[in-house]
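Breakdown of the fold
The residues making up each chain are set out below.
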Amino acid sequence: DMREAVDLAVEHLGGKMAGRDIEVIYEDDGFKPEIGKQKTDKLVKKDNVDFIAGYIWSHVLMASYKSAVDNDTFMISSNAGPSPLAGKLCHEDLFSTSWQNDQTTMAMGEVLNQRGIKKLYIKDMTKFPDQLDFSAELAKVRAAEPDALFVFYPGKHGAQFITQYAQAELNKTVPLYTTFTIDSISLPRVGELAEGSLMTMFWSPDLDTPANKKFVTDFKAKYGHYPSHYAAQSYDSIMLINSAVEKVNGDLSDRDAVRSALKAADFQSVRGELKFGNNHIPIQNFYLREVVKDENGDYTTKIVSTVYENHQDPYAQECNMK
């Protein structure tokens, strides 16, 4: 999804930034910190990239970021937002087009407060990524009779959990709230089982901004399915880089000028205006989303309400940048 969004963004830019040809080099970290660092070293030292972007997993980003920023390469995290890099380890050359990891779940906590959920089942720490059988934990949920259940299972784990949750018929008695579990990648597999479930996110395909309408429409036309938030963040990463390259007229030799241009974020983000905090994490809205069917019968998400407006992560106060 991230790669598809990058390819679409490059297409939207006509393959050029400030008249210069765009060259994208893709690498795969394999979900392993040591491979992520090796790939980052290769991109920075061998390929001499001007910008490095991506990173889904926080442990991979933590292992890799110094390879970029210590070698004068601008880095944009398109998903991972570990607290150290938002706080004490923030860096002038590290930017994010996503969030600080806590924010999405903080928004879910606020939703649960608003809905008067008093007895929330969260207590089982399952073995990630090896465990894909949740029958024992689901039996414990049934016995506890909570007001609601909260889970965080990205990727295939989310699809597995949603399937088993429905098979156990807990979806009939225990409302499910999630973060980073149900998205446009998993919905084609679990749509009917997930219909009506709720999650929080900074973005949704139905977000009413001009850039998002173009992004979602063209993404669906090109690839035949809805984009996920991974795609939205990656699309914004390319558009952020383009805004900086355009602002310096393609001259990347003045790093201070490029850095200032990145911080200005002078472009139309899929989320609307993109404004960075002092730690280069976006200050942005977070929404409650619900899984629904669109007019064609395809499963997607729609915004139910705005949970936070212009939310800044709590670690920004630990960052010494202004």
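Below: a short report on this structure.

Reading guide: rules and limits
Residues numbered from 1 in each chain as written. Predicted model: local features only at pLDDT ≥ 70, side-chain atom pairs only at ≥ 80, totals over all residues. Heavy atoms only, no water. Core = buried A, V, L, I, M, F, W, Y, C linked by side-chain atoms within 4.5 Å. Buried < 20%, exposed > 50% of the residue type's maximum accessible area, 1.4 Å probe, protein only. Helix = DSSP H or I, 4+ residues; strand = E, 2+ residues; numbered from the N terminus. Phe/Tyr/Trp six-rings, centres within 6.5 Å; stacked < 30°, edge-to-face > 60°. Lys NZ or Arg CZ within 6 Å of the ring centre and 35° of its normal. Contact = heavy atoms within 4.5 Å. Pairing = 2+ DSSP bridges. Axes fitted to C-alpha atoms, helices over the stretch in contact; angles between N-to-C directions. Left-handed = near helix turned anticlockwise from the far one by under 90°. Nonpolar A, V, L, I, M, F, W, Y, C, P; charged D, E, K, R; others polar. Right-handed = clockwise from strand over helix to strand, strands pointing away. Salt bridge = Lys/Arg side-chain N within 4 Å of Asp/Glu carboxyl O. Expected span 1.5 Å × (residues − 1). Arc of directions from axis to C-beta.

To continue, consider the nonpolar core. In a soluble, globular protein the nonpolar side chains are often hidden away together inside. With 53 residues, the main nonpolar core has F51, Y177, W203, F215, Y235, V258 and L262 as its most contacted residues. Tallying contributions element by element places helix α10 (residues 229–247) first for this core, with 9 residues.

If you walk through the whole model with that rule in mind, you get 16 aromatic pairs. An aromatic cluster of three or more residues is present, and its members are W203, F215, F219, Y223 and Y235. For the cation-ring pair, K220 lies above Y226, with the distance from its terminal atom to the ring centre recorded as 4.0 Å. Over the ring of F74 we find R255; its NZ or CZ atom is 4.1 Å from the centre of that ring.

As a further point, take the environment of A107. Tracing the backbone shows A107 in helix α5 (residues 102–114). On a C-alpha basis, the gap between A107 and D28 in space is 31 Å, while along the polypeptide they are 79 residues apart. Ignoring sequence-local partners within four residues, the contact set of A107 consists of T200, F286, V307 and Y308.

Moving on: the sheet that holds strand β5 (residues 94–96). Adjacent strands of a sheet form backbone hydrogen bonds with each other and so pair up, either parallel or antiparallel. If you trace the 3 strands from one edge of the open sheet to the other, you get β3-β4-β5, paired in parallel fashion. On the outer flanks of this sheet lie β3 (51–54) and β5, each paired with one strand and no other. With strand direction ignored, the average angle separating the axes of adjacent strands in the sheet is 20°. Both β3 and strand β4 (residues 74–77) contribute to a ladder of 4 bridges, which runs parallel. Following the sheet pairing, F51 is matched in β4 by F74. Helix-sheet contacts for helix α11 (residues 255–264) involve β3, β4 and β5, and the interaxial angle to β4 is about 15°.

Further remarks concern the packing of helix α1 (residues 2–12) against α10. Two packed helices can be described by the angle between their axes and the distance between those axes. Packing of α1 against α10 leaves a shortest axis separation of 8 Å and a crossing angle of 35°. Crossing angle aside, the handedness with which α1 passes α10 is right-handed. Facing α1, whose interface residues are M2, A5, V6, L8, A9 and H12, α10 presents Y230, A231, S234, Y235, I238 and M239. Counted by class, the contact of α1 with α10 contains 10 nonpolar, 2 polar and no charged residues.

Once that is clear, we can look at the pairing of β4. Of the two faces of β4, the one lined by F74 and I76 and the one lined by M75 and S77 are each fully buried. Regarding the hand of the β-α-β motif, the stretch spanning β3, helix α3 (residues 58–69) and β4 is right-handed.

Tracing the backbone through its elements, the reader meets N79 in the loop between β4 and α4 (83–86). With residues near it in sequence (within four places) discarded, N79 still touches G54, Y55, I56, S98, W99, N101, H229, Y230 and Q233.

Proximity of charged atoms lets side chains of opposite charge pair with each other. Enumeration according to the criterion identifies 17 salt bridges in this entry. Ionic pairing is found between E11 and K222, a salt bridge with its closest N-O pair at 2.8 Å. Of this pair, E11 sits in helix α1 while K222 is found in helix α9 (residues 210–223), placing the two residues 211 residues apart along the sequence. E11 gets classed as partly exposed once you look at its relative accessible area, which sits at 46%.

Helix length check: α9 (14 residues) gives 20 Å between terminal C-alpha atoms against 20 Å at 1.5 Å per residue, within 8%. For α9, the set of buried residues is A211, N212, F215, V216 and F219. Around the axis of α9, the buried residues are gathered within 120° of arc, so they sit on the same side. Exposed side of α9, more than 90 degrees from the buried face: P210 and A221 are the residues found there. Taken together, the buried residues of α9 touch α1 and α10. Downstream of α9 by one or two residues, G224 has phi in the positive range, about 80°.

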